[in-house]
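What follows is the residue order along each chain.
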Number of protein chains: 2
Amino acid sequence: MHDYDGAVTQVTNPGAATVPARRGRGEKSSPTIYDIAKLAGVNPSTVSRALSKPGRVSAKTQKIIEDAAEQLNYRVNPFARALPTGRTQTIGLIVADITNPTFFDIIRGAETTGSARDYTMVLAESAESPETELTAARRMLSTVDGLILASPRMDDEQIRALASEKPVAVINREVDGVPCVVPDVNKGISQAVRSLAANGHQKLAYVAGPPQSWMSRRRWEGVQAACDWYKLEAVRLESSKPTVDGGRQVARDVLASGATAVITYNDLLAIGLMQELQAAGMRVPDQISIVGFDDIFGADFTTPALTTVRSPLGECGSRAAALLLDMLLGHEGPGGVVRVDTELVVRGSSGRLLA
Amino acid sequence: MHDYDGAVTQVTNPGAATVPARRGRGEKSSPTIYDIAKLAGVNPSTVSRALSKPGRVSAKTQKIIEDAAEQLNYRVNPFARALPTGRTQTIGLIVADITNPTFFDIIRGAETTGSARDYTMVLAESAESPETELTAARRMLSTVDGLILASPRMDDEQIRALASEKPVAVINREVDGVPCVVPDVNKGISQAVRSLAANGHQKLAYVAGPPQSWMSRRRWEGVQAACDWYKLEAVRLESSKPTVDGGRQVARDVLASGATAVITYNDLLAIGLMQELQAAGMRVPDQISIVGFDDIFGADFTTPALTTVRSPLGECGSRAAALLLDMLLGHEGPGGVVRVDTELVVRGSSGRLLA
DNA sequence: CAAAAGATGGCAACCGGTTGACATACCGCC
DNA sequence: GGCGGTATGTCAACCGGTTGCCATCTTTTG
């Protein structure tokens, strides 16, 4: 990790510099290892080794070359390096929907740990479509060292196919044979259902997410299991789309279901649902409790603030990136599943049922 | 930043993942123009021309080559192309803060128009620091065809220096000689101040953003001008940081100022401020009106929903990308300023003053 | 002190496209 | 038929690193 420009106070006019301006267009092109080699009086290949294969050259030569590199303000040309090696110092991240705040934290987590290790992140969006996703993934695959798929919509086979070409890490879904980072929903769901049961609720509705969503199914299973245990009746409702708007639309189904507590696939649905129910005169949480999922940005903006099962999304992004980078460095991960804990964040939207 | 405390359970290891086959020597590597050349019975350079210089080869040969390429499922190696040409089909985007939802629409706008024209986007964050920003910009510069700076914190000179090396577009700030996309705040501010004046307010506070923020200054100027016109008294307050938390912290200053209406540098500040004021027993908007800026995701989650001056951020991102791509195609943009309209979105947080 | 082992640097062949220079092939035209 | 001109394809030299192989030089060891 070279940091050549400390506090740069670029002032003087360009051209005063002693840098020999060669190169066709008269532009000052950046120095190459050949320039360094000339300056240091060694062979270019030695420069290459000094700069990328620690220990391969003697300490003395190493020093000379590093000084020369410093002096010329050298930085490797990523393309020239990528060409023979395939290494690009770049990881790709594909998310289902850039505007969905669920992914904000994931993106940031991945970007942060990526750039901490000097990897650049490239971002693409699948717009919730398996086909777009696959296309984006394929297009990326040739230009990145590894790929992170957040909540992928492709099927397992396609993911494994990708993973057989380049290292892949998956977030929010389990795929056999591919390293995954998955929030373990059971803990958070248990807490949520227990809390609801303790507050007098007896019938609970789960508002599901997109049918292709592995995580939505998983959450439903968790809800069922917990309801079983705590002796609540659970019903499942479908949403048209996992957004605020979808939440509003599902409000009448919720009312019709007779449930007094609702757990939604994500916070957006919960927020939309709450808005619509309140607009219809329902009091939250006195008449109905609402629990979301993920604890996204804005979940505490609502009145009452949203009770939600928090998934540490930033950590998911971050760990997925770390997993990937470890694989790239050869620390072959076992391809297992990393589970991160979820927990209930109790705010105002859930509570005692005042029947 | 993120710390992974022990709340992590590493579990299952489903079927030992088979290590991806290293791209060995005889392995199925992707086809090259040489493969196409052999198949089509022509010289590699002819293939190169057929694929990138339309019209340079005869229609007949063109067809043969395209068919061969199709048959082999050929795709260019971006690095091999980038090496001699410098063209990378990639644009960089640097934002001040990835977690700030303001930027999400920008990111999305840029990504969408970028990928529509077959450009990949790479993303970096400056963490609101001019130095980090410059470093990131420099690092990116060598690997992208052009750069978009969203709300840059560097000074004008540095930006112009970057712009002299590669095409640069700026969002949310005007820099002489560099193409910029800037929401024209005056319209929205006028509407806001007029509306506040009409509702009986006489003293207005502006909560400023980061000192380096060009846009914050601009908004303050706009507020001053509008207050002048509508005969309101305007005071300026400083915030510690442009976040929800910063908004909470500035609440006491707001109260102390005696203003009955507040316009904040951005929505996050407005939301935090409103939360804190409400917690202190103030009624919004009966006792104090609050107007934010940007209309970010979640601005309508609050109770009352936030009145805000909407900047079309997605459009900003999109237009900046378009500007950049046009420059890359040689349509030399005049380096002027593109202004997009802002408008007041009236929701519940502003209204008549019930003194 | 000689031989074997190890460390170090140089040479040159790539990686996969791009492109200027040049040789033909092809065309129309006098 | 010969000539100039253009269309088309080929050759070869890059772009800037990486790396296998080999020649030396140094060190260790018997």
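Just so you know, these numbers come straight off a predicted model, no measurement behind them. (Residues numbered from 1 in each chain as written. Chains lettered and ligands numbered in written order. Predicted model: local features only at pLDDT ≥ 70, side-chain atom pairs only at ≥ 80, totals over all residues. Heavy atoms only, no water.)

(A) Local environment of the sheet that holds strand S9 (residues 289-294) of chain A. Residue and element names in this part refer to chain A. Reading across from one edge, S7-S6-S8-S9-S10-S12 is the order of the six strands in this open sheet, with mixed pairing throughout. The open sheet is flanked by strand S7 (233-237) and strand S12 (343-345), the only strands paired with a single partner. Ignoring which end each strand starts from, the neighbouring axes of this sheet average 25 degrees apart. Pairing analysis gives four bridges linking strand S6 (residues 203-207) to strand S8 (residues 261-264), with the strands arranged parallel. When the bridges of S8 are listed, Val207 appears paired with Thr264. Contacting S6, S8, S9 and strand S10 (307-310), helix H12 (residues 267-279) runs over the sheet at an angle of about 155 degrees to S9. (Pairing = 2+ DSSP bridges. Helix = DSSP H or I, 4+ residues; strand = E, 2+ residues; numbered from the N terminus. Axes fitted to C-alpha atoms, helices over the stretch in contact; angles between N-to-C directions. Contact = heavy atoms within 4.5 Å.)

(B) Quick look at the protein's contact with DNA strand D. The local shell around DNA strand D holds 30 residues, among which A:Arg49, A:Lys53, A:Arg81, B:Arg56 and B:Thr61 are the closest. When atoms of DNA strand D within 4 Å of the protein are sorted by moiety, sugar and phosphate together comprise 54%. Between A:Ile33 and DNA strand D, the recorded distance is 2.8 Å, taken from a backbone N or O atom to a phosphate oxygen. Measuring from a base nitrogen of DNA strand D, one finds a backbone N or O atom of A:Ala80 at 3.3 Å. (Near = heavy atom within 4 Å. Polar contact = N/O pair within 3.5 Å; in protein donor to acceptor, adjacent residues only side chain to side chain.)

(C) Focus on the relation of the copies chain A and chain B. Relative to chain B, chain A is turned by 179 degrees and slid 0.2 Å along the rotation axis, the superposed coordinates differing by an RMSD of 0.3 Å. Classification of the inter-copy transformation places it as that of a two-fold axis. (Least-squares fit on C-alpha atoms with pLDDT ≥ 70 in both.)

(D) Structural detail: unusual backbone geometry. Here the bond from A:Thr303 into A:Pro304 is cis, since omega is -10 degrees, no more than 30 degrees from zero. With respect to the element layout, A:Pro304 can be found in the loop between S9 and S10. B:Pro285 follows B:Val284 through a cis peptide bond whose omega is 5 degrees. Within the fold, B:Pro285 resides in the loop between helix H12 (267-279) and strand S10 (289-294). The backbone phi angle of A:Asn172 is positive, close to 70 degrees, even though this residue is not glycine. Relative to the helices and strands, A:Asn172 is located in the loop between strand S4 (168-171) and strand S5 (180-184). For B:Asp294, which is not glycine, the phi torsion reads 110 degrees and is therefore positive.

(E) Representation of a positive patch on the surface in the model. All names here are of chain A. A surface patch of like charges, here positive, comprises Arg49, Lys53, Arg56 and Arg87. Inspection of the secondary structure puts Arg87 in the loop between helix H4 (78-85) and strand S1 (90-95). For Arg87, a relative accessible area of 46% puts it in the partly exposed group. (Patch = residues over 30% accessible without salt bridge, like charges linked within 9 Å, V, L, I, M, F, W, Y side chains within 5 Å. Areas by Shrake-Rupley, 256 points an atom, 1.4 Å probe, with all protein chains shown as cover. Salt bridge = Lys/Arg side-chain N within 4 Å of Asp/Glu carboxyl O. Lys, Arg positive; Asp, Glu negative; His and termini not counted. Charge placed at Lys NZ, Arg CZ, Asp CG, Glu CD. Buried < 20%, exposed > 50% of the residue type's maximum accessible area, 1.4 Å probe, protein only.)

(F) Seen up close, the side chain of B:Ser213. Residues and elements named next belong to chain B. Here Ser213 shows up in the loop between strand S7 (203-207) and helix H9 (214-230). Relative accessible area serves as the criterion here: at 1%, Ser213 is assigned to the buried category. Within the structure, the side chain of Ser213 is placed 3.0 Å from the backbone nitrogen of Ser216, a separation counted as a polar contact. Setting aside residues no more than four positions away along its own chain, Ser213 makes contact with Arg153 and Tyr265.

(G) The protein's contact with DNA strand C, seen in detail. With respect to spatial proximity, 31 residues lie near DNA strand C, and among them A:Thr46, A:Thr61, B:Arg49, B:Lys53 and B:Arg81 are the closest. Of what DNA strand C places within 4 Å of the protein, 55% of the atoms are sugar or phosphate. At a separation of 2.8 Å, a base oxygen of DNA strand C approaches a polar side-chain atom of A:Arg49. Between a sugar or linking oxygen of DNA strand C and a side-chain N or O atom of B:Tyr74, the distance comes to 2.8 Å. Of all elements in the fold, only helix H2 (44-52) and H4 of chain A together with helix H1 (33-40), helix H2 (44-52) and helix H4 (78-85) of chain B reach the threshold of two or more residues within the surface near DNA strand C. Tallying contributions element by element places H4(B) first for the surface near DNA strand C, with five residues. Across the surface near DNA strand C, the residue classes tally to 11 nonpolar, 12 polar and eight charged. (Nonpolar A, V, L, I, M, F, W, Y, C, P; charged D, E, K, R; others polar.)

(H) Region of the structure containing helix H3 (residues 59-72) of chain A. Residues and elements named next belong to chain A. Its 14 residues give H3 an end-to-end C-alpha distance of 20 Å, which sits within 8% of 20 Å, the value for a rise of 1.5 Å per residue. Its buried side turned inward, H3 meets helix H1 (33-40) and H2. Of the residues flanking the end of H3, it is Asn73, one or two places downstream, whose phi is positive at about 55 degrees. (Expected span 1.5 Å × (residues − 1).)

(I) Broad picture of the confidence of the model for chain A. With 91% of its residues at a pLDDT of at least 70, chain A reaches an overall mean of 88. In this model residues 1-27 of chain A is a low-confidence stretch, pLDDT under 50, and it forms 15 contacts with partners more than four residues away in sequence or in other chains. (pLDDT = per-residue confidence, 0-100.)

(J) Seen up close, helix H9 (residues 214-230) of chain A. Residues and elements named next belong to chain A. Here H9 is 17 residues long and its end C-alpha atoms lie 24 Å apart, about the 24 Å a rise of 1.5 Å per residue gives. Those residues of H9 that fall on the buried side of the exposure criterion are Trp214, Met215, Ser216, Arg219, Trp220, Gly222, Val223, Ala226 and Cys227. Elements that come into contact with the buried residues of H9 comprise S5, helix H8 (185-198), S6, S7, S8 and S9. At the exit of H9 stands Lys231, carrying a positive phi of roughly 60 degrees.

(K) Expanded view of the packing of helix H6 (residues 130-141) of chain A against helix H7 (residues 156-165) of chain A. All names here are of chain A. Axis separation between H6 and H7 bottoms out at 11 Å; the angle between their running directions is 5 degrees. When the axes of H6 and H7 are compared, the pair comes out roughly parallel. Residues Leu134, Ala137, Arg138 and Leu141 of H6 form the contact with H7, whose participating residues are Gln158, Leu162 and Glu165. Residue classes in the contact of H6 with H7 are distributed as four nonpolar, one polar and two charged. (Parallel < 35°, antiparallel > 145°, perpendicular 65-115°, else oblique.)

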